[in-house]
Each structure stands twice: as C-alpha cells, then as structure tokens.
Amino acid sequence: MTTARTLRVLETGPLTTVQDFGRPGQSALGIGRSGACDRASHRLANALVGNHPTLATLEVTFGGLVLEADEPLVLATAGARCPGAPHLAPFTLSPGERLSLGTPAAGLRTYLAVRGGIDVDPVLGSRATDVLSGLGPPKPGPGDELPVGDPARPHPGVDVAPVPEPDAGRLTVRVTPGPRYDWFGDAGWQELTGQVYTATSESNRVGVRLDGDPLTRLREGELVSEGMLRGALQVPPSGLPVLFLADHPVTGGYPVIGYVDDLDVDRCAQLRPGQELRFSATRQR
Amino acid sequence: MKVLPSGAHGLLLEFADLDEVLAHYAALREADLPGVLDLVPAGATILVVTDRDTDLSALGHRLRRVPPASHRRTETRPVEVPVRYDGEDLGDLADTLGLTVPELVERHREEEWTVAFCGFAPGFGYLTGSRHDWDIPRRSTPRTKVPAGSLALAGAFTGVYPRESPGGWQLIGHAEVDVFDLDRDPPALLVPGARVRFVEAS
C-alpha cells in the first residue's frame, strides 16, 4: 500500500491556481478553454520532472507560494524565476523542508511542476481553474493538501534547461491582422504597430490591459458578439487594446484588430504591470 | 460566407444573419472536418478553431464547399424546460409591450424556441423564437445580482441564467431545472441548434 503523496500549502502569494492545457472544444457551450497562461513554461516545468505535458502544474502569480512535503518529491519551476528556489532544474523537496518562492525580479508567472502532477479532480476534462467562469478546481489556499499523482514516466535526468527567461525590458511580439482589421484600416494598424504600450495593473488571467494612445476607429456602431481566441487584440470603445489570455470570454462584442502570434502570447503572459510592449507586423494585408 | 482571419489557429466565418449561422453550424458539425477542434456559433459568425497542424487556407476552401443544412430544425423532440412565470419584471415589461401579463406569458410559452448560440457564461444559451417578433428592451440599470435559474428576455432572445451573475435582461420567471450541471453530459442543457419549449411547472 502506498501512502498518499501530497503537497501542503502554507501560503499562496497573490494568486496560485492549478493549470494544465485547459478544456478545448467546448466553447460552443459557453465553456472557455482556460489553462496555463504561459503554456511553454508549463510544458517545460513538466518536462523537467519527467511528466507528460498534460499533467497539472501550479501557476504562481508574482511568487509568494510556500509549500511542504510529507515525503520526498521531485519538483521544478519554469517561467518567472523566484528567488529562494532552484529554477529550470529539477530538485527534491524533503520532508520537513519548506519551499518558499520569493518575488520574481522579472516575469510574472512561475510554473511549479511536481513529479506525478497535481492530481486534483478534473472538471469537464481539465484541472485548469478558469477565473472568469469559475469552472475548475478551487484555488489552493493555506492549509490545503494537494494530491500528487504517481509518476508514470522515467525521470529525464536533466540538470538544467537552457532556455531564455522572461526579461523586465520592453517586449516586442508579432501580430497579424484580425477579423475586424477593416474597422481600423491601415491607419489604425500603423497606430497599433507604431507605438509603445504599457501593461497596466488591471491585467489578469483574462487579458493584458494596455495603456497608450487610443486607436482610431473608422467605423461606428456595434459589433454582434463573436467567437475569439487567446491572442486576440480586442479594442473596446476606449481605443486601448486588451490582449486576451487563457481565461478570455468565449465571445466578445468589440472588434479584434489583430492576433498576437501564438508562441508570443506565452511571453505576454509574463508581462508585469508597467512593462512596455510593442507589436511588430509580420504580415501586411 | 466571408472567411476572416483569427490568428494561427482560427478562422471566423461571417454570415448575413442568424438563420444562415444556424444552417451552416448544423452542416459543419455534420461535416466534421479534420483538424477542426471547435465551432463557436454567435449572432452572425462561426469561429472555427483548429489544431496546430491545420493549413488555414486549405481549410478555408473546404469550409466554403460545405453547403448549409436545408432545415435548421432537426426532427428531434424539443427540450422541455419547466418554468414558473413569476419574474420581478413581468408586470412592467407587459405594460411596456402593451400586453397583459397572461398574454406575455402565453406568447413566451407557445413560442418555438431554438438555441442560437451560447456565451456570457458556461451553459447560457441565447434562444430565438420563430412565431413572434421579439424585440425586448434591456433594463436601463442592469442588476448586480441576477439569481441562478432566472428566465429572462432581452432583444430577440430569451435565456436562463445558469448561475448568479450581473445582468440587464428582463426577468420574467425562473426555471425549475439546472441549465448547467457538471454531472450531466453535456453539462449544458441548452446546446446550439436544440429546440426548446417552456412548460409551466405544476
């Protein structure tokens, strides 16, 4: 008989959620995909401990997570580097030892993988917590015991993953025209790609809110709500785009001028309030 | 049908009206094209979500070649939703429409509703009628809390709130069933394309 492997949560910081790749394919029922905001870092954290990429990790926003284990567990973090813990390299948390993630100096979201995966009960096929719809497992809180699954795959024996880390400087990401490009036209596209935006503190898992010069709309009137995906740059009447992340609404009623490149959305999920962002056009119409 | 870009894994199909959306949605579901992960119908569009390996321009051509379904209404029996017509806005709304409360209730009950699309919240269906011309003004001040199960009207639509949420629709009653239940498959009772009849709970 094996004892239940668990991670005991002592503190969570501003926001810690359980995440995986979400619940794709159910948007027609009004169920958004959700999942890790920075999918590449989630995938990497899992890889470092020998997990299948679909196993659940903890998405830690701005550090602050404190954990203990009852028996030795192999963990790894990826994404934003938190002081106080090894990063991009697997390590063992021994019983009685305390893991305490400090505040990252760059980047926003850290993915903590445990060998075997966070094994909370899935909801509609996923362990992701969707902060917009409220679907998924509850947010971990102090005192919670998070179940850990049984490792099914061999340990990869990796020392360290050589990948670039999120940096605190200006980020440049690629954009392509979206379905409502014509509501803004070439002039609006120039405004979008010709300025430096700042991520605001209103940003969350739903989207990155941007401050800058408002975009000029060519066309008045309302859009009939339509389906949108992660990476959409939706422009509300303020003229300031919102970049949709994992927990974006299934449909939206404001025009989407463009889409951020799918891989670059992961990098945008690491934007901190006050950090600068530029859009670079990869394709013109 | 207009095919509009929506990122590396999506195409937005735009149609003239909701009837076209429903006809194409039924046909595309039936066609089950490879590489298509999800279809998201809305008021005038269908978002086609693809997997990573799908060539969007090739898919665009294939999508254009799928003819719309000739009858949007399936032969299946309508979903019956038991309701009580006891909403807070029932009296005022009937006045606004120049109807008596029983007349408004009768219109709503005898209407043949179809789920056009979902959105706003998991399991929130936007239902359109075919017998009457529904054009219902929203409340001038939205409520911060609409109770779960509320049966409501706004614009051309009726719907049932799956959970407590803010909302500006006119409340005319409440449903006696959960329209969203995680233990049901699918969890949403009112799925796009389904026909719906509201029956008064006894």
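For every chain, the first residue of the written sequence is number 1, and numbering continues from 1 onward in sequence order. Just so you know, chain letters begin at A and ligand numbers begin at 1, following the order they were written in. A pLDDT threshold of at least 70 governs which residues receive local features in this predicted model, and a stricter bar of 80 or more applies before side-chain atom pairs are shown or counted, although totals over entire chains, interfaces and linings include all residues. Here the side-chain values reflect all heavy atoms present in the structure, with hydrogen atoms and water set aside.

## Brief notes about the overall build of chain A
Turning to step 1, where the next piece is worked out: Starting at the N terminus, helices and strands are each numbered in turn, a helix being any DSSP run of H or I of at least four residues and a strand any DSSP run of E of at least two. Within chain A, the secondary structure is distributed over three helices and 18 strands.
Turning to step 2, where the next piece is worked out: Overall size of chain A, expressed as C-alpha extent along the three principal axes, is 65 × 40 × 30 Å.
Turning to step 3, where the next piece is worked out: Put simply, chain A has 285 residues, and 58% of those count as buried.
Turning to step 4, where the next piece is worked out: The contact criterion used throughout is that any non-hydrogen atoms of two residues lie within 4.5 Å. Partitioning the intrachain contacts of chain A with sequence separation of at least 6 by distance along the chain shows that 76% fall at a separation of at least 24.
Turning to step 5, where the next piece is worked out: We get accessible surface area from the Shrake-Rupley algorithm with a probe of 1.4 Å; when it comes to residues, only the shown protein chains can shield them. Per element, the accessible surface of chain A, about 11,300 Å² overall, is 52% carbon and sulfur.
Turning to step 6, where the next piece is worked out: Charged residues are defined narrowly, with Lys and Arg counted positive, Asp and Glu counted negative, and His plus the chain ends left uncounted. Lys charges are placed at NZ, Arg charges at CZ, Asp charges at CG and Glu charges at CD. When the 26 basic and 32 acidic side-chain charges of chain A are each reduced to a single mean position, those positions are 4 Å apart. Burial status follows relative accessibility: with a 1.4 Å probe on protein chains alone, a residue under 20% of its type maximum counts as buried, one over 50% as exposed, and anything between as partly exposed.

## Details of the side chain of Ser-27 of chain A
Turning to step 1, where the next piece is worked out: With respect to the element layout, Ser-27 of chain A can be found in the loop between β2 (15–19) and α1 (39–48).
Turning to step 2, where the next piece is worked out: You can call Ser-27 of chain A buried: its relative accessible area is 13%.
Turning to step 3, where the next piece is worked out: Discounting chain neighbours no more than four positions away, the residues touching Ser-27 of chain A are Val-250 of chain A together with Asp-38 and Val-40 of chain B.

## Observations regarding the side chain of His-108 of chain B
All names here are of chain B.
Turning to step 1, where the next piece is worked out: Looking at the element boundaries, His-108 is found in helix α4 (residues 101–110).
Turning to step 2, where the next piece is worked out: For His-108, a relative accessible area of 0% translates into the label buried.
Turning to step 3, where the next piece is worked out: In contact with His-108, not counting residues within four places along its chain, are Tyr-85, Trp-113, Trp-134, Leu-151, Leu-153, Thr-158, Ile-172 and Phe-198.

## Quick look at the packing of aromatic side chains
All names here are of chain B.
Turning to step 1, where the next piece is worked out: Each Phe, Tyr or Trp ring (for Trp, its six-membered ring) is paired with any other whose centre lies within 6.5 Å, and the angle between the two planes then decides the class: stacked below 30 degrees, edge-to-face above 60, tilted in between. Using the criterion set out here, one finds 13 aromatic pairs over all chains in the structure.
Turning to step 2, where the next piece is worked out: Plain terms: the ring middles of Phe-124 and Tyr-161 are 5.3 Å apart, the flat faces sit at 75 degrees to each other, and that makes the pair edge-to-face. In this pair, Phe-124 sits in the loop between β6 (113–118) and β7 (125–129) while Tyr-161 sits in the loop between β10 (157–160) and β11 (165–167), placing the two residues 37 residues apart along the sequence. In this structure, Phe-124 and Tyr-161 share a single accessibility class: buried.
Turning to step 3, where the next piece is worked out: Centroid distance Phe-124 to Trp-169: 5.2 Å. Interplanar angle 85 degrees. Geometry classified as edge-to-face. One end of the pair, Phe-124, is in the loop between β6 and β7; the other, Trp-169, is in the loop between β11 and β12 (170–175), and 45 residues separate them in sequence.

## A closer look at the confidence of the model for chain B
Turning to step 1, where the next piece is worked out: Put simply, chain B has an average pLDDT of 93, and 98% of its residues get 70 or more.
Turning to step 2, where the next piece is worked out: Among the scores for the predicted complex, ipTM is 0.92 and pTM is 0.92. Summary of the metric used: pLDDT quantifies the predictor's per-residue confidence within the range 0 to 100.

## Focus: the interface of chain A and chain B
Turning to step 1, where the next piece is worked out: Taken together, the contacts link 29 residues of chain A with 34 residues of chain B.
Turning to step 2, where the next piece is worked out: Buried surface at the junction of chain A and chain B, summed over both partners, amounts to about 2,300 Å²; 64% is from carbon and sulfur atoms.
Turning to step 3, where the next piece is worked out: It is Ala-28, Leu-29 and Leu-229 of chain A in chain A that bury the most area against chain B; as a group they hold 25% of the surface buried on that side.
Turning to step 4, where the next piece is worked out: The partner of Glu-14 of chain B in a salt bridge is Arg-180 of chain A, with the nearest N and O atoms 2.9 Å apart.
Turning to step 5, where the next piece is worked out: Side-chain classes are defined by residue name, with Ala, Val, Leu, Ile, Met, Phe, Trp, Tyr, Cys and Pro counting as nonpolar, Asp, Glu, Lys and Arg as charged, and the others, Gly among them, as polar. When its residues are assigned to classes, the side of chain A that touches chain B shows 14 nonpolar, 10 polar and five charged. Put simply, buried area is how much 1.4 Å-probe accessible surface two parts lose in total, over both of them, once they are put together. A pair is scored as a salt bridge if a Lys or Arg side-chain nitrogen falls within 4 Å of a carboxyl oxygen belonging to Asp or Glu.

## Points about helix α2 (residues 185–193) of chain A
Residue and element names in this part refer to chain A.
Turning to step 1, where the next piece is worked out: Within α2, burial applies to Gly-185, Gly-188, Trp-189, Leu-192 and Thr-193. The buried side chains of α2 occupy one side of the element, clustering within an arc of 130 degrees when seen end-on. Opposite the packed face of α2, turned more than 90 degrees from it, sit the exposed residues Asp-186 and Ala-187.
Turning to step 2, where the next piece is worked out: Of the surrounding elements, those touching the buried residues of α2 are β10 (171–177), β11 (196–199), β14 (232–234), β17 (256–260) and β18 (276–281). Here the arc refers to the set of directions running from the helix axis out to each C-beta atom.

## As for the sheet that holds strand β5 (residues 73–79) of chain A
All names here are of chain A.
Turning to step 1, where the next piece is worked out: Spatial strand order, β2-β3-β8-β5-β6: five strands in an open sheet with antiparallel pairing. Here the strands that pair on one side only, and so sit at the sheet edges, are β2 and β6 (91–93). Ignoring strand direction, the axes of neighbouring strands in this sheet form an average angle of 30 degrees.
Turning to step 2, where the next piece is worked out: At least two DSSP bridges between two strands are required for those strands to pair. The sheet contact formed by β2 and strand β3 (residues 57–61) spans five bridges and is antiparallel. Within β3, the residue paired with Leu-15 across the bridge is Thr-61.
Turning to step 3, where the next piece is worked out: Where α1 meets the sheet, it contacts β2, β3, β5 and β8 (109–114), and its direction lies at approximately 150 degrees from that of β5. Note on definitions: angles span 0 to 180 degrees between N-to-C directions of axes, and those axes are lines fitted to C-alpha atoms, for helices only across the stretch in contact.

## Some remarks on helix α2 (residues 56–64) of chain B
All names here are of chain B.
Turning to step 1, where the next piece is worked out: Those residues of α2 that sit buried are Leu-56, Leu-59, Gly-60 and Leu-63. The buried side chains of α2 occupy one side of the element, clustering within an arc of 105 degrees when seen end-on.
Turning to step 2, where the next piece is worked out: The opening residue of α2, the one whose side-chain oxygen lies 3.0 Å from the backbone nitrogen of Ser-57, is Asp-55. By the criterion applied in these results, polar contacts are pairs of N or O atoms within 3.5 Å in which, for protein atoms, one can donate a hydrogen and the other can accept it, and in which residues neighboring in sequence qualify only through two side-chain atoms.

## Thoughts on the domain arrangement of chain A
Residues and elements named next belong to chain A.
Turning to step 1, where the next piece is worked out: Residue ranges for the domains trace back to a domain assignment, done automatically or taken from a database. The domain boundaries assigned to chain A delineate domain 1 (6–147) and domain 2 (171–281).
Turning to step 2, where the next piece is worked out: Taking only C-alpha atoms, the centre of domain 1 and the centre of domain 2 are 27 Å apart.
Turning to step 3, where the next piece is worked out: Between domain 1 and domain 2, the residue contacts involve 30 residues of the former and 17 residues of the latter.
Turning to step 4, where the next piece is worked out: A combined buried area of about 1,600 Å² lies between domain 1 and domain 2, and 51% of that area is made up of carbon and sulfur atoms.
Turning to step 5, where the next piece is worked out: Three residues stand out in domain 1 for area buried against domain 2, namely Cys-37, Arg-109 and Leu-132, and they jointly supply 32% of the buried area on that side.
Turning to step 6, where the next piece is worked out: The tally of links between domain 1 and domain 2 comes to one salt bridge.
Turning to step 7, where the next piece is worked out: Linking domain 1 to domain 2 there are 16 residue pairs in polar contact (both at pLDDT 80 or more).
Turning to step 8, where the next piece is worked out: Residue assignment for the side of domain 1 that touches domain 2 shows that the elements contributing at least two residues are β2, α1 and β8.
Turning to step 9, where the next piece is worked out: Residue classes in the side of domain 1 that touches domain 2 are distributed as 14 nonpolar, 11 polar and five charged.

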